[in-house]
Amino acid sequence: MESERKIHNGGCHCRKVRWQVKASDSVLAWKCNCSDCTMRGNIHFIFLTTYTFGTHTAKHIFCKVCGITSFYIPRSNPDGVAVTFRCVDPGTIKHVEIRCFDGKNWEDSYKGTGIASCSKGNHD
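Model, not experiment: these values are computed from the prediction.

Observations regarding the nonpolar core
- Within the largest apolar cluster, 12 residues are counted, these being W19, V21, A23, V27, A29, I43, F45, V81, V83, F85, C87 and V88.
- The leading source of residues in this core is strand β2 (residues 18–24), at three residues.
- Those residues in contact with V83 that lie beyond four places of it in its chain are W19, V21, I43, H44, F45, S70, F71 and V88.
- With nine residues, the next largest nonpolar core counts W30, Y72, A82 and C118 among its residues.

Focus: the pairing of strand β7 (residues 81–84)
- Burial along β7 is two-sided: V81 and V83 and A82 and T84, pointing in opposite directions, are all buried.
- Alignment of strand β6 (residues 71–73) against β7, held across two bridges, turns out to be antiparallel. Counted as the bridge partner of Y72 is A82 from β7.

Regarding the packing of aromatic side chains
- One pass over the structure, following the stated rule, counts two aromatic pairs.
- Aromatic side chains F101 and W106 sit 6.1 Å apart centroid to centroid with 70 degrees between the ring planes, which places their arrangement in the edge-to-face category.
- Residue W106 is classed as buried on the basis of its relative accessible area of 15%.
- Ring centres of W106 and Y110 lie 4.8 Å apart, and the angle between their planes is 10 degrees; this geometry places the pair in the stacked category. Linking W106 with Y110, this pair stays in helix α2 (residues 106–113), spanning four residues, or about one helical turn.

Some points on the pattern of salt bridges
- Taken as a whole and judged by the stated rule, the model has five salt bridges.
- We note a salt bridge from R15 to D89, for which the minimum N-O separation is 3.9 Å. Residue R15 is found in the loop between β1 (5–11) and β2, and its partner D89 is found in the loop between β7 and β8 (95–101); the two are separated by 74 residues along the sequence.
- According to the relative accessible area criterion, D89 is partly exposed, its value standing at 24%.
- Residues participating in the shared-partner salt-bridge network are R15, R18 and D89.

Quick word on the side chain of H8
- Inspection of the secondary structure puts H8 in strand β1.
- Judged by relative accessible area, H8 falls into the buried class, the value being 0%.
- Of the polar contacts made by the side chain of H8, one reaches the backbone oxygen of A23; its length is 3.1 Å.
- Not counting chain neighbours up to four residues away, the residues in contact with H8 comprise W19, Q20, V21, A23, S24, D25, V88, T92 and I93.

What counts and what doesn't
Residues numbered from 1 in each chain as written. Predicted model: local features only at pLDDT ≥ 70, side-chain atom pairs only at ≥ 80, totals over all residues. Heavy atoms only, no water. Core = buried A, V, L, I, M, F, W, Y, C linked by side-chain atoms within 4.5 Å. Buried < 20%, exposed > 50% of the residue type's maximum accessible area, 1.4 Å probe, protein only. Helix = DSSP H or I, 4+ residues; strand = E, 2+ residues; numbered from the N terminus. Contact = heavy atoms within 4.5 Å. Pairing = 2+ DSSP bridges. Phe/Tyr/Trp six-rings, centres within 6.5 Å; stacked < 30°, edge-to-face > 60°. Salt bridge = Lys/Arg side-chain N within 4 Å of Asp/Glu carboxyl O. Polar contact = N/O pair within 3.5 Å; in protein donor to acceptor, adjacent residues only side chain to side chain.

Following this line, the structure appears as structure tokens:
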């Protein structure tokens, strides 16, 4: 049973980047082992819907002051936004389930995990 969705506030370390996301207080987060996510220690949950154009698939958006990537548009879900759950302000997320995504073997992991469905139909 999915819990009720609520507003979560978050942002980067220096707080120059701030955002809100509407999500459950129990989230499914993905830990990827690709070279980029491994170096950043990124564990994220995929949510929201975004507009983009052309073939710009992955967009890693980060604060130009502190360098924190608090959210980005992932290759696995170019119609959504991946939110770094550790960048959500404390107090609103009650449970995080972390699943592994084998970014070193991206295509096989993409097909086998169902990660693409995380942003399908989550529109408000």
